[in-house]
Amino acid sequence: MFYKKIVAAALVALGTTAAAASDKTAVPFALDWKFEGPSAPYFAAIDNGHFDKNGLSVEITAGAGSLDAIPKVATGAFPIGFADINSLIKFLDQNPGAPVIAAMMVYDKPPFAVIGRKSLGVEGPGDLAGKVLGAPPPDGAWAQFPIFAAENGINMDDIKVEPVGFPTREPMLAEGNVSSITGFSFSSYLNLVRLGVPEEDISTILMADHGLDLYGNAVIVNTDFAAKNPEIVKGFLEAVAMGWKDAIADPAAVIPSLVKRNPAADAALEQRRLQLAIDANVVTDYTTANGMGMVDPERMASAIEQIGTVYDFQNTPDASLYFTDAYLPEGGFSLK
């Protein structure tokens, strides 16, 4: 496998981190995307001292899509990242034994969506046939689109799929060059608003509201690193949870931490984007009752079964290979 060529050297480097002269352990963290509203909780965890409390010095790196962090963590280039668990499941099926696993669910309700324009004839799943759909190949929402199509009786052959880049995705929809796009609901929606598309013209078709049992993005860890440094991983996850608690309690208070790292960000728009993620993806009935970070075994089994309806597993699926609660407190992290 491609990752085996560099994993040993990378892990040796990571293993020496804790023994560095500094009194804090340096932990690089690979995000899924650019520094936008939903990344504010991680920066707040730095600025509000949550990582520091656990003896960690964390440097956050932007990503290029919700699949991006998986190979970074699997190779050991990063010990911890943030990525789509469904793409992780496929990656582990294609790369058996890769040292990567999800350790904390963040998007209990995934933000995978088809975003369309009503003026271009797209309001619901049934409107996609015969239309042009813009989809970036590395997009996590696009990766789940075949499941969404199957659940809603949509023939993939009836849709013209236009591969687009992330930077051109929303502009193409705003200009009417495509009728809909795949993306994360909170990202694409507000990107269209920023481009001047009237909000009443935007339709957000959230896949989780149309048959998907899938989970969304999770904190993933390199299993070799985690096995050698369990307390570091536990402290990291605790700090992440505290950052999200800060954001949930007062979204406006954490946005300055984001703007400090991305001065070009529109603070008001990014606060709204963060609030959308909190309301739709993080604070759910399940996380309110059961805490943040955990997964429901029955739902996970159903999600794996759904993936299998459009993906041919090379190996027998095993949920224990994809998610572990070993580094979470019993009952997850309370959001109260």
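That block above? That's the structure.
Residues numbered from 1 in each chain as written. Predicted model: local features only at pLDDT ≥ 70, side-chain atom pairs only at ≥ 80, totals over all residues. Heavy atoms only, no water.

## Section: the packing of helix H10 (residues 230-249) against helix H12 (residues 267-282)
Put simply, H10 and H12 touch, their axes get as near as 10 Å, and they point 110° apart. In terms of orientation, H10 lies roughly perpendicular with respect to H12. In this structure, H10 crosses over H12, and the sense of that crossing is left-handed. Here Trp244, Ala247 and Ile248 of H10 lie close against H12, whose contacting residues are Leu274, Ile278 and Val282. The class makeup of the residues in the contact of H10 with H12 is six nonpolar, no polar and no charged. (Axes fitted to C-alpha atoms, helices over the stretch in contact; angles between N-to-C directions. Helix = DSSP H or I, 4+ residues; strand = E, 2+ residues; numbered from the N terminus. Parallel < 35°, antiparallel > 145°, perpendicular 65-115°, else oblique. Left-handed = near helix turned anticlockwise from the far one by under 90°. Contact = heavy atoms within 4.5 Å. Nonpolar A, V, L, I, M, F, W, Y, C, P; charged D, E, K, R; others polar.)

## Considerations on the packing of aromatic side chains
The full count for this structure, using the stated rule, is 15 aromatic pairs. Taking 5.0 Å as the distance between ring centres and 45° as the angle between the ring planes, the aromatic pair formed by Phe51 and Phe236 counts as tilted. Separated by 185 residues along the polypeptide, Phe51 in helix H3 (residues 50-53) and Phe236 in helix H10 bring together distant segments of the chain. Residue classification places Phe236 among the buried positions, given a relative accessible area of 0%. An aromatic cluster is present here, built from Phe29, Tyr42, Phe51, Phe82, Tyr107, Phe112, Phe184, Phe186, Phe236 and Trp244 joined pairwise through their rings. Over the ring of Tyr215 we find Arg299, and its NZ or CZ is 3.7 Å from the ring centre. (Phe/Tyr/Trp six-rings, centres within 6.5 Å; stacked < 30°, edge-to-face > 60°. Buried < 20%, exposed > 50% of the residue type's maximum accessible area, 1.4 Å probe, protein only. Lys NZ or Arg CZ within 6 Å of the ring centre and 35° of its normal.)

## Comments concerning the sheet that holds strand S3 (residues 80-84)
Read from one edge to the other, the open sheet built from five strands follows the order S2-S1-S3-S10-S4, with strand pairing classed as mixed. Each edge of the open sheet is held by one strand with a lone partner, namely strand S2 (56-61) and strand S4 (100-105). Across the sheet, the mean angle from the axis of one strand to that of its neighbour is 30°, orientation sign disregarded. Contacts between helix H5 (residues 85-94) and the sheet are confined to S3, S4 and strand S10 (217-222), with S4 contributing the most and set at about 160° to the helix. (Pairing = 2+ DSSP bridges.)

## Re the pattern of salt bridges
Where charged atoms of side chains with opposite charge meet at close range, the side chains can pair. Enumeration over the complete set of coordinates arrives at 15 salt bridges. Linking Lys24 and Asp23 is a salt bridge whose minimum nitrogen-to-oxygen distance equals 3.8 Å. Accessibility expressed as a relative area gives 26% for Lys24, which makes it partly exposed. Note that Asp201 is salt-bridged to Arg117, the shortest N-O span being 2.9 Å. (Salt bridge = Lys/Arg side-chain N within 4 Å of Asp/Glu carboxyl O.)

## Some points on the sheet that holds strand S7 (residues 160-163)
With mixed pairing, the five strands of this open sheet are ordered in space as S7-S6-S8-S5-S9. Among the strands making up the open sheet, the edge pair consists of S7 and strand S9 (202-206). Neighbouring strand axes in the sheet, compared pairwise and without regard to direction, differ in orientation by 30° on average. As paired strands, strand S6 (residues 132-135) and S7 are joined by four bridges and run parallel to one another. Counted as the bridge partner of Val132 is Lys160 from S7. On top of the sheet, helix H6 (residues 140-151) reaches strand S5 (112-117), S6, S7, strand S8 (180-184) and S9; it is set at about 90° to S5, its chief contact.

## Concerning helix H14 (residues 297-310)
Over its 14 residues, H14 runs 21 Å from end to end, which matches the ideal 20 Å to within 8%, given 1.5 Å per residue. Every buried residue of H14 is accounted for by Met300, Ala303, Ile304, Gln306 and Ile307. The arc enclosing the buried residues of H14, seen along the axis, measures out at 160°, which places them on a common side. When the buried face of H14 is taken as reference, the exposed residues oriented beyond 90 degrees from it are Glu298, Glu305 and Thr309. Next to the buried residues of H14 lie H5 and H6. (Expected span 1.5 Å × (residues − 1). Arc of directions from axis to C-beta.)

## Examining the environment of Ser188
Mapped onto the fold, Ser188 is located in helix H8 (residues 185-194). Considered as a pair, Ser188 and Ala226 are 38 residues apart in the sequence and their alpha carbons are 34 Å apart. Contacts of Ser188, omitting those with residues within four sequence positions, involve Ile115, Arg169, Glu170, Ile181, Thr182 and Gly183. A distance of 2.8 Å separates a polar atom in the side chain of Ser188 from a polar atom in the side chain of Glu170. (Polar contact = N/O pair within 3.5 Å; in protein donor to acceptor, adjacent residues only side chain to side chain.)

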